[in-house]
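Report on the structure
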Amino acid sequence: MIRKGLGALGIGFGLWGLRLLLQALSLDALIRLPLWLGGAVLVDDFLLIPLTLAAGWLLTNWSTRPDHHRTVTTIRTTLLYCGLTTLIAIPLLIRQGKGVNPTVLSRDYLRDWLLLEATIVAVGVLVTVLQRRRLTFSRSRASSGDIGGR
Amino acid sequence: MIGRWLGVAVSVCFLTGLFSHFQQVTPGWLVIPSRPASLYRVTQGLHVLSGIVSVPLLLAKLWTVYPKLFAKLPWPPSRKALGAVLERASILVLVSALALELFIGFLNTLQWYPWPFPFKETHYALAWIIVGSLLLHLAVKLPLITANWRRTPADRTPVPRPADSLPPAITGLSRRGLFRTVAGAGALVGIASIGQSVPTLGPIAVLAPRKPNIGPQGLPVNRTAKDAGIQVKDDWRLTIKGPSELSYSLDQLRALPQSRSDLPIACVEGWSQGARWEGIRIHDLLKLCGAPAGSRLRVVSMEKGGFYATSELPPQFAEDPLTLLALRLNGTELDLDHGFPARLIAPNRPGVLQTKWVHRLEVLS
């Protein structure tokens, strides 16, 4: 019952949206909109996701080498955050200096983007160093027979 | 889990967007209150924020269910196969509409429109299609969802990984690791962009198209006087058409009792900033022209044509003591780009309805 209600409401909302589109858009725009919708799916499913999967696969393979698995999480997160922030920064970088007035897009986005990526990488490196240091510390304690008072 | 987060973000985005739509096209049955004064600032800031945060959430969701994209449909044709085809079609609608909606929404905050269809109408219509296909998706998955919620904590450990999501051998990620990474990604893009609505975080808003405190009188501008084709002549006068018709020069307006309002400019593109406005209460002007209580008011700009050349003030906004015909901003006379000689400023309204370069007020009822 709830299921049918939800489904009916969903179809109703969708048809309402379709009606709004048919009312507001010219025939030319209505023909081109599906191309843009298709393009959005292509970019997501056949560019961004495969790219992430390929990078993830390479990284996972690399991580099977001795000791690499300990830093792989940090490296993956760093790469992912760099990629994501770059994706969002792309339109800002393209439109840099082309705002409709001086108060739109007034930042130096190239500098800001580089700073942001540098910060993400720096945090990633810091976390990796701390992890390695903790690892070396616990190893030296283990090899010296001191394993936490037990 | 990521689906749930995305659902929450999309719902917040939809509801705040609907509020913004109703602010601009108010249906007869709806009365929008003039308080809290910063309500629209918060809702529209949330609208853009939830949209930006949805980008990593949508990508993560698509990533986790990626193998399903290549799943074979049941064969031979049957009722079940038909159901599966319809379900896949509804997901195609959901994903394509949501991806395009987030893309055009973000580009709108840059005021960049490289597509061949009108932004506002398409953005609004796609929102209904997204919510509709999301509800349909929930209806299809309802048995799975309820089964998941009915599981006791004992059932949940260890968590069985659904066969059709990516195995750890490819991803090298645990479930918890994935959630943490995605939550971090959402927080990162949120923090890097929220500063356009929260000026204290402005300096680190490196992914936001707007920077606070930039512009004439330290306040950003959406539409400059040049863009609007405005030239103010020395003999400018404000006309008020009500039960009695009044006309004031700028000096005469300055001689009327002045009030001060601390109100934000909150734009549909999500940026907002508080400012100190000084001018004459609209309520006082209505009284001067003998308008009855509960009057609506049309505010007319010198700007010719276009959707925002006039705006209407419902009675609750016209009567609010914070609503001003502003002559001064942050301690000095209004800059031409901020609407010199006079502009409207009211609480809980989108910036596009805060009409600039006002030269006529018309009492409607």
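Throughout, residues of each chain are indexed from 1 in the direction in which the sequence is written. Chains carry letters from A onward and ligands carry numbers from 1 onward, assigned in written order. In keeping with the predicted nature of the model, local features appear solely for residues at pLDDT of at least 70, side-chain atom pairs appear and are counted solely at 80 or more, and the whole-chain, interface and lining totals rest on all residues. The side-chain values count all of the structure's non-hydrogen atoms but skip hydrogen atoms and water molecules.

1. Looking at the packing of aromatic side chains
Which entries qualify depends on this criterion: A pair of Phe, Tyr and Trp rings is counted when the ring centres sit within 6.5 Å of each other, with Trp represented by its six-membered ring. The angle between the planes then sorts it: under 30 degrees is stacked, over 60 is edge-to-face, the rest tilted. Each residue gets one of three labels from its accessible area relative to the maximum for its type: buried under 20%, exposed over 50%, partly exposed in between, using a 1.4 Å probe on protein chains only.
Across all of its chains, the model carries 13 aromatic pairs over all chains by this definition. Look at Trp115 of chain B and Phe117 of chain B: their rings are 6.1 Å apart centre to centre, the planes differ by 15°, and that puts the pair in the stacked class. In terms of burial, Trp115 of chain B and Phe117 of chain B fall into one category: buried. Members of the aromatic cluster, connected to one another through ring pairs, are Trp36 of chain A together with Phe103, Tyr113, Trp115, Phe117 and Phe119 of chain B.

2. Overview of the confidence of the model for chain A
Rule in force here: Scored between 0 and 100, pLDDT is the confidence that the predictor attaches to each residue. A run of H or I in DSSP counts as a helix once it spans at least four residues, and a run of E counts as a strand once it spans at least two, with each numbered from the N terminus.
Residues at a pLDDT of 70 or more form 93% of chain A, whose mean pLDDT is 89. Per-element confidence in chain A is highest for helix α1 (residues 2-24) of chain A, whose mean pLDDT is 96, and lowest for helix α4 (residues 109-143) of chain A, whose mean pLDDT is 87.

3. Points about the nonpolar core
Residue and element names in this part refer to chain B. Inclusion rule: Residues enter a nonpolar core if they are buried and are Ala, Val, Leu, Ile, Met, Phe, Trp, Tyr or Cys, with the set joined through side-chain atoms within 4.5 Å. Two residues qualify as a contact provided that any one of their heavy atoms is within 4.5 Å of a heavy atom in the partner residue.
Leu207, Leu253, Trp277, Ile282, Leu313 and Leu361 are the most contacted members of the largest nonpolar core, which has 129 residues in total. No other element matches helix α5 (residues 119-150), which puts twelve residues into this core. Non-local contacts of Leu313, meaning those with residues more than four positions away in its chain, are made with Ile282, Arg296, Leu297, Val299, Ala318, Thr323, Leu344, Ala346 and Arg349.

4. Concerning the packing of helix α1 (residues 2-24) of chain B against α5 of chain B
Residues and elements named next belong to chain B. Cut-off, in case you're wondering: Lines fitted to C-alpha atoms define the axes here, with helix axes fitted over just the stretch in contact, and angles between the N-to-C directions of these axes take values from 0 to 180 degrees. Throughout, a crossing is termed right-handed when the near helix is turned clockwise from the far one, and left-handed when it is turned anticlockwise from it by less than a right angle. Note on residue categories: nonpolar means Ala, Val, Leu, Ile, Met, Phe, Trp, Tyr, Cys or Pro, charged means Asp, Glu, Lys or Arg, and polar means any other residue, Gly included.
Following both chains from N to C, one finds α1 and α5 inclined at 145°, their axes separated by 11 Å at the closest point. Judged by the twist between their axes, the crossing of α1 over α5 is left-handed. For the pair α1 and α5, contact is made by Arg4, Val10, Phe14, Leu18, His21 and Gln24 and by Lys120, Tyr124, Ala127, Trp128, Ile130, Val131, Leu134, Asn148 and Trp149, respectively. Residues that form the contact of α1 with α5 fall into these classes: ten nonpolar, three polar and two charged.

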